[in-house]
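Chain and residue survey
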Amino acid sequence: TFYLKSPETLEDFALEFKLTKAICILKMWFAHMGANGKLEESFEEGVVNVALTMVQRRFGDVDELLSAESNSAEHFGFFVHPHEWNVLKEADLENPSMPNVALEHQR
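Residues numbered from 1 in each chain as written. Predicted model: local features only at pLDDT ≥ 70, side-chain atom pairs only at ≥ 80, totals over all residues. Heavy atoms only, no water.

1. A short note on the nonpolar core
Rules: Put simply, buried Ala, Val, Leu, Ile, Met, Phe, Trp, Tyr and Cys residues joined by side-chain atoms within 4.5 Å make one nonpolar core. Buried means the residue's accessible area, taken with a 1.4 Å probe over protein chains only, is under 20% of the maximum for its type, while exposed means over 50%, and partly exposed covers the values in between. By definition, any uninterrupted DSSP run of H or I lasting at least four residues is a helix, any uninterrupted run of E lasting at least two residues is a strand, and each is numbered from the N terminus. Note on contacts: a residue pair is in contact if any heavy atoms of the two residues lie within 4.5 Å.
Counting residues in each nonpolar core, the largest one holds 20 residues, and the members touching the most others are I25, V47 and L88. Of all elements in the fold, only α1 (7-34), α2 (45-58), α4 (82-90) and α5 (101-106) reach the threshold of two or more residues within this core. Once you skip the residues sitting within four places of it in the chain, I25 turns out to touch F43, V47, A51, L88, A91 and L93.

2. Regarding unusual backbone geometry
Phi angles above zero are rare outside glycine, and N36 is one such case at about 60°. Mapped onto the elements, N36 comes out in the loop between α1 and α2. Overall, the relative accessible area of 70% leaves N36 in the exposed class.

3. Some thoughts on the pattern of salt bridges
This is how it is decided: Note on definitions: salt bridges are taken to be side-chain nitrogens of Lys or Arg within 4 Å of carboxyl oxygens of Asp or Glu.
Applying the stated criterion across every chain, the model contains one salt bridge. A salt bridge links E84 to R57, with the shortest nitrogen-to-oxygen separation between them at 2.5 Å. Here E84, found in helix α4, pairs with R57, found in helix α2; they are 27 residues apart in sequence, far enough to count as distant.

4. Quick notes on the packing of α1 against α2
Condition: A fitted line through C-alpha atoms represents every axis, and for helices the fit uses only the stretch in contact; the resulting angles, taken between N-to-C directions, go from 0 to 180 degrees. Any angle that is under 35 degrees is reported as roughly parallel, and any over 145 degrees as roughly antiparallel; angles of 65 to 115 degrees are reported as roughly perpendicular and all others as oblique. Handedness of a crossing follows from how the near helix is turned relative to the far one, being left-handed for an anticlockwise turn of less than a right angle and right-handed for a clockwise one.
Contact pair α1 / α2: the axes reach a minimum separation of 9 Å and the direction vectors enclose 125°. One way to sum up the angle between α1 and α2 is to call them oblique. Crossing hand, α1 versus α2: left-handed. Between α1 and α2, the residues in contact are K18, L19, A22, I23, I25, L26 and W29 and V47, V48, A51, L52, M54, V55 and R58, respectively.

5. Some remarks on the environment of W85
Here W85 lies in helix α4. Among all residues touching W85, those that are not within four sequence positions of it are F17, K18, K21 and V80.

6. Comments concerning α4
To keep it simple, the criterion reads: Starting at the helix axis, one direction is taken to each C-beta atom, and the arc is that of these directions.
Of the residues making up α4, those classed as buried are E84, W85, V87 and L88. Here the buried residues of α4 occupy an arc of 160° about the axis, which is enough to place them on one side. On its buried side, α4 packs onto α1, α2 and α5.

7. What to know about α2
Inclusion rule: The span expected for a helix works out to 1.5 Å for each residue beyond the first.
When the terminal C-alpha atoms of α2 are compared, their 20 Å separation across 14 residues agrees well with the 20 Å that a helix rising 1.5 Å per residue should span. Buried within α2 we find G46, V47, V48, V50, A51, M54 and V55. Buried-residue contacts for α2 involve α1, α4 and α5.

8. Overview of the confidence of the model for the chain
Keep this limit in mind: Known as pLDDT, the predictor's confidence for each residue is given on a scale from 0 to 100.
The pLDDT averaged across the chain works out to 88; a share of 83% of its residues lies at or above 70. Within the chain, the element-level pLDDT minimum falls on helix α3 (residues 62-66), averaging 64, and the maximum on α4, averaging 96.

9. Some remarks on the packing of aromatic side chains
Cut-off, in case you're wondering: Aromatic rings from Phe, Tyr and Trp, taking only the six-membered ring of Trp, are treated as a pair when their centres fall within 6.5 Å; an angle between ring planes under 30 degrees marks them as stacked, one over 60 as edge-to-face, and anything in between as tilted. Geometrically, a charge over a ring is one whose NZ (Lys) or CZ (Arg) sits within 6 Å of the ring centre while staying within 35 degrees of the ring normal.
Across all of its chains, the model carries one aromatic pair by this definition. Between F17 and W85, the ring centres sit 6.1 Å apart and the planes meet at 70°, which makes this aromatic pair edge-to-face. With a gap of 68 residues between them, F17 in helix α1 and W85 in helix α4 connect regions that are remote in the sequence. Its relative accessible area of 47% is what places F17 among the partly exposed residues. Exposure remark for W85: the relative accessible area of 15% places this residue in the buried category. Here the basic side chain of R57 rests over the ring of F79, its NZ or CZ set 4.4 Å away from the ring centre.

This is how it looks when you write it as structure tokens:
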């Protein structure tokens, strides 16, 4: 539950919302491909890659950060690049095969 009474909690909510959309895209793509669905009937590969990158960044292993050669023992938290959100924001969960214009602008 988020109590949206401060800028920090509003930002936390926004990040959680963006992460949830990335997870939904991955789950839908995985279910579609697992059911032998046609690639062209699902999200574009670039959309799936952006979603996967975000999820991996969020759930990255803290031990990897701590055991790195250059380590300040700080974890700066989860973030979403604006270009990543532009792609995911445009991804249509009801029509996954719809072209993603934001993805085209990145190429």
